[in-house]
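Breakdown of the fold
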Amino acid sequence: MTASTILFDCEYLTASGAMARQWGGPLDPDPSVAQIGAVKLSLEPGYEILETFNVLIASKTRDGRKAALDPFFTELTGIDQASIDRNGIRLADALDRFEAFAGEGTVWSWGKDELHLFAISCYVEGLSPKMPITRFGNAAGLVLKAGMPYADLVRTTSGRLADYFRLERAQRREHDALDDAMSIALSLQHLLHAGSLAPADFRLPPDETALLQRVTPES
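Below you will find a few notes about this structure. (Residues numbered from 1 in each chain as written. Predicted model: local features only at pLDDT ≥ 70, side-chain atom pairs only at ≥ 80, totals over all residues. Heavy atoms only, no water.)

A few words now on the overall build of the protein. Helix and strand counts for the protein come out as nine helices and five strands. For the protein, the sequential pattern of α-helices and β-strands runs β-β-β-α-α-α-β-α-β-α-α-α-α-α. The C-alpha radius of gyration of the protein comes to 17 Å, within 12% of the 17 Å expected for a compact globule of 219 residues. Principal-axis analysis of the C-alpha atoms places the extent of the protein at approximately 50 × 45 × 35 Å. Out of the 219 residues belonging to the protein, those deemed buried represent 49%. Intrachain contacts of the protein at a sequence separation of at least 6 include 68% that bridge at least 24 residues. Summing over all exposed atoms, the protein offers an accessible surface of approximately 11,400 Å²; the carbon and sulfur share of this is 51%. (Helix = DSSP H or I, 4+ residues; strand = E, 2+ residues; numbered from the N terminus. Rg over C-alpha atoms; globule rule 2.2 N^0.38 Å. Buried < 20%, exposed > 50% of the residue type's maximum accessible area, 1.4 Å probe, protein only. Contact = heavy atoms within 4.5 Å. Areas by Shrake-Rupley, 256 points an atom, 1.4 Å probe, with all protein chains shown as cover.)

This part covers the packing of aromatic side chains. For any pair of aromatic rings, geometry is given as the distance between the ring centres together with the angle between the planes. One pass over the full model with this rule turns up eight aromatic pairs. Measuring from centroid to centroid gives 5.1 Å for Tyr164 and Phe165, while their planes differ by 90°, and the two rings are edge-to-face. In this structure Phe165 comes out as buried when scored by relative accessible area, which is 18%. Three or more aromatic residues joined by ring pairs make a cluster, and in this case those are Phe8, Phe53, Phe98, Phe101, Phe118 and Phe136. Sitting above the plane of the Phe101 ring, Lys40 keeps its charged end 5.0 Å from the centroid. (Phe/Tyr/Trp six-rings, centres within 6.5 Å; stacked < 30°, edge-to-face > 60°. Lys NZ or Arg CZ within 6 Å of the ring centre and 35° of its normal.)

A separate point is unusual backbone geometry. A cis amide bond links Leu204 to the next residue, Pro205, at an omega of 0°. By secondary structure assignment, the location of Pro205 is in the loop between helix 8 (177-194) and helix 9 (208-214). The phi torsion at Gln22 lies on the positive side, around 55°, for a residue other than glycine. Assignment of secondary structure puts Gln22 in the loop between strand 1 (4-12) and strand 2 (33-42). Unusually for a residue other than glycine, Arg166 sits at a positive phi of about 55°. Structurally, Arg166 can be placed in the loop between helix 7 (161-164) and helix 8.

Ordered by their spatial adjacency, five strands build an open sheet running 3-2-1-4-5, and the pairing between neighbours is mixed. The open sheet has two edge strands, strand 3 (49-56) and strand 5 (136-138), and neither has a second partner. Neighbouring strand axes in the sheet, compared pairwise and without regard to direction, differ in orientation by 25° on average. Where strand 2 meets strand 3, seven bridges bridge the pair, whose relative direction is antiparallel. Looking at the pairing, Gln35 lines up with Leu56 of strand 3. Contacts from helix 3 (residues 91-102) reach strand 1, strand 2, strand 3, strand 4 (107-109) and strand 5 within the one sheet, and its direction differs from that of strand 3 by about 175°. Contacts from helix 4 (residues 113-125) reach strand 1, strand 2, strand 4 and strand 5, with the element oriented near 60° to strand 1. (Pairing = 2+ DSSP bridges. Axes fitted to C-alpha atoms, helices over the stretch in contact; angles between N-to-C directions.)

Honestly, it's all geometry; don't read function into it.
Put into structure tokens, the structure is as follows:
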């Protein structure tokens, strides 16, 4: 079996200004996940993109109703209500599919998207998380270890990471979960080819002492 790792991204429900309010406004939706996108990256020489995964989720509110999409969310992600109604699946089914796609590999996002996927979405819908948190890592730590300045890292989104490394790619939409996951995957693939990262760096837990040494007081 090919040694591999998973890079994933989530889009979750939001409304205009909700992030600044930390989703605390009286009309803000719970930030449940509406899309999961993921890329399987080989950790063997060649470091090829092996597979992709993309699913829309018909999110529920905490009282079990169908969650309505705010127009701001649709403008941000390109996901409209018709797409969710046509292609969205239950969160439980999406998690089963994601777990099967991930297999035994470690799973990384730009930040901590697993918290939205499990701690929030599962809690809202009364589900038990499918995968332990020990399976997940923060891809920003990998890029930091590879030498990206911390000041650049904290102002770069997952969707713009491949642009930061000036990697050529097909036209993609920022805030599409699969496109953002591909941006992370292409960047890590580039760093593996350059020798700035090694397959062993994708083991969990990460070496936090080494990461702290990369964050200087001037950062």
